[in-house]
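Fold and contact review
As a plain string of letters, each chain reads:
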Amino acid sequence: MYIIETKQLTKSYGNFAAVSGVDLHIPKGAVYGFLGPNGAGKSTTMKMFLGLAKPTGGSFTIDGKKYPENRVEILKEVGSFIEAPAFYGNLTGKENLEIVGRILGLPKSAALEALELVGLTPYKDRLARKYSLGMKQRLGLASALIGRPPILILDEPTNGLDPVGIHEIRTLIRSLPKQFDCTVLVSSHLLSEVELMADHIGILNHGHLLFEGTLEQLKAHAENQGYPTDNLEDTFLAVIDADNRQRGGIR
Amino acid sequence: MKTQSLSGSDRYPVHDSTSRRGGYGLKPGLEYKKIKRTGLLPAFVCCGLLAAAFPVADMAVRSERYLSLPDSPVSILLHADWQMMSMLNVLLLVVAACILYHTEVSDNALLKMCSLPLKESSLFFSKILLLIPMLIFTLALEAAALGFCCWHWLSFSPEALTELAYSMGFSLLLLLPAALLSLLLACACKNMWISLGIGVVCIFTATMLPADNFLLSLFPYAMPFQILAGMQKETITGFSTAAALESLGLCAAEIIFLKIRRWSA
């Protein structure tokens, strides 16, 4: 069963197609790694799932609910972290999460629980604008995790984190499907990280979905095409390079 | 960082439809939480006190100018000082609207709000619902000062109190379009300085409009300068109707603006 499914999802800005006819199939309970170079359309796709950008073509369903008819119902089930940490700088970390919790109709304890989950409890009373970049990133993650949503959409969640922080977030994301029975859609530039945390992969380039499947299927596909299969990074680069050459050298 | 099962997992059910409710409702209480440490509340208190101090200072310095006038005490005071007091009120509104949206935009919080099960327009309406009690508080301070001036220098009677209450109610109604327009501008401009600049220009434009021209006085930033005392009944009805219609029109404009912005994103 697919918890997120898109059909020919398209987003164009004038003549430029940021996302072009993408058919995604994200299984329930999976950690789905969304890969692609800058400008491939990963963030735009995620924004469309959250109703932050309007699709210009195609459709998608999340947990069987269709967009845009069920936008609010969809958002009730989705925890998200898009682009950069978003917070009220004049409020403490705890106050920020209490606001999100109140909008979601959660008990006050949910904010503390989310802070604990990302390791921000000792800094809960510090103003969010005084947080370091890594702490802001964790606060953003906490606001996505609060209330244990069944679906998590995380756009570059490890940006700005140190290696220890990256390891912690990766372990956390990897554990989420088991812990909270949730599905995670995560985009990252760190291919080695995706290799370690995702069990399904989608590769996007110039708005087109080049591959979708498990890591094993990607390896098999790469072997078939004669691409290197030593690690995800080499395979990814080969897939992207081949697509770019096919498009006449557009990078 | 904890990755093991949480001790509080029994506090609310995981993935129960009731665990993450959210919804469309207006949440002025939430908006009140958001303005913590922004200086907005002190700004309202200070501005209210400053505006309230104006008639007191005026009467303390030159009360003999007003003692012989034939009008009612409230009318005398309002005609003497309301222009300055309302100027402060409108300026406060513009600043408040800028601060309210600056907190949303400065650290990207608005993006988070838009990805929550919440209508973006409810943010706007919650903010206006937060502004109204703060405006009432400011007007109450000003009314108290005017009442004090009546009692101390002129003559204070129950009629004066009623007249004062009506005047403040009328002023609140006429301030609504300016409050809504300021919030609409603040919502539209991501850079606080642009909405602040437009607001200040609008206020100064309003002060330059001829007061005897009814149509020009309907400019949202010009209406709060009107004084109820001594105004003819049909003019009162005209201003009240215009304020209500402008308010409704600005609410509709905000909803349309948000829809266009969302769909063009």
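The paragraphs below set out a description of the structure included in this document. Predicted model only: the values in this text are computed from it and were never measured.

The rules we used
- Residues numbered from 1 in each chain as written.
- Chains lettered and ligands numbered in written order.
- Predicted model: local features only at pLDDT ≥ 70, side-chain atom pairs only at ≥ 80, totals over all residues.
- Helix = DSSP H or I, 4+ residues; strand = E, 2+ residues; numbered from the N terminus.
- Rg over C-alpha atoms; globule rule 2.2 N^0.38 Å.
- Buried ≥ 20, exposed ≤ 12 C-beta atoms within 10 Å, placed from the backbone.
- Contact = placed C-beta atoms within 7 Å.
- Axes fitted to C-alpha atoms, helices over the stretch in contact; angles between N-to-C directions.
- Parallel < 35°, antiparallel > 145°, perpendicular 65-115°, else oblique.
- Left-handed = near helix turned anticlockwise from the far one by under 90°.
- Nonpolar A, V, L, I, M, F, W, Y, C, P; charged D, E, K, R; others polar.
- Pairing = 2+ DSSP bridges.

Brief notes about the overall build of chain A
- On a plain count of helices and strands, chain A comes out with nine helices and eleven strands.
- Compactness check: chain A gives a C-alpha radius of gyration of 18 Å against a globular reference of 18 Å for 251 residues, within 12% of the reference.
- On the principal axes, the C-alpha backbone points of chain A span a range of 55 × 40 × 35 Å.
- By the burial criterion, 52% of the 251 residues in chain A qualify as buried.
- In chain A, the proportion of contacts linking residues at least 24 apart, taken out of those at least 6 apart, comes to 67%.

Quick notes on the packing of helix 3 (residues 93–103) of chain A against helix 5 (residues 133–145) of chain A
Residues and elements named next belong to chain A.
- Interaxial distance between helix 3 and helix 5 falls to 10 Å at its minimum, and their mutual angle equals 25°. The angle between the axes of helix 3 and helix 5 places the two elements in the roughly parallel class. Regarding helix 3 and helix 5, the two cross each other, and that crossing is right-handed. Side by side, helix 3 and helix 5 meet where Gly93, Asn96, Leu97 and Val100 of the first sit next to Leu139, Ala142 and Ser143 of the second.
- Its residues assigned to classes, the contact of helix 3 with helix 5 shows four nonpolar, three polar and no charged.

Here's the deal with the sheet that holds strand 7 (residues 78–81) of chain A
Residue and element names in this part refer to chain A.
- Taking strand neighbours across the sheet as the criterion, the six strands line up as 7-8-9-4-10-11 in an open arrangement whose pairing is mixed. Whereas interior strands pair on both sides, the edge strands pair on one side only; in this sheet they are strand 7 and strand 11 (208–214). Averaged over all pairs of adjacent strands, the angle between their axes in this sheet comes to 15°, without regard to strand direction.
- As paired elements, strand 8 (residues 151–155) and strand 9 (residues 183–187) share five bridges and run parallel to each other. From the neighbouring strand, Leu154 faces strand 9, where its bridge partner is Val186.
- Against the sheet, helix 5 makes contact with strand 7 and strand 8, and its axis sits at roughly 170° relative to strand 7, the strand it touches most.
- Of the strands in this sheet, strand 4 (31–35), strand 8 and strand 9 are in contact with helix 6 (residues 163–180), which crosses strand 9 at around 160°.

Just geometry here; none of it tells us what the structure is for.
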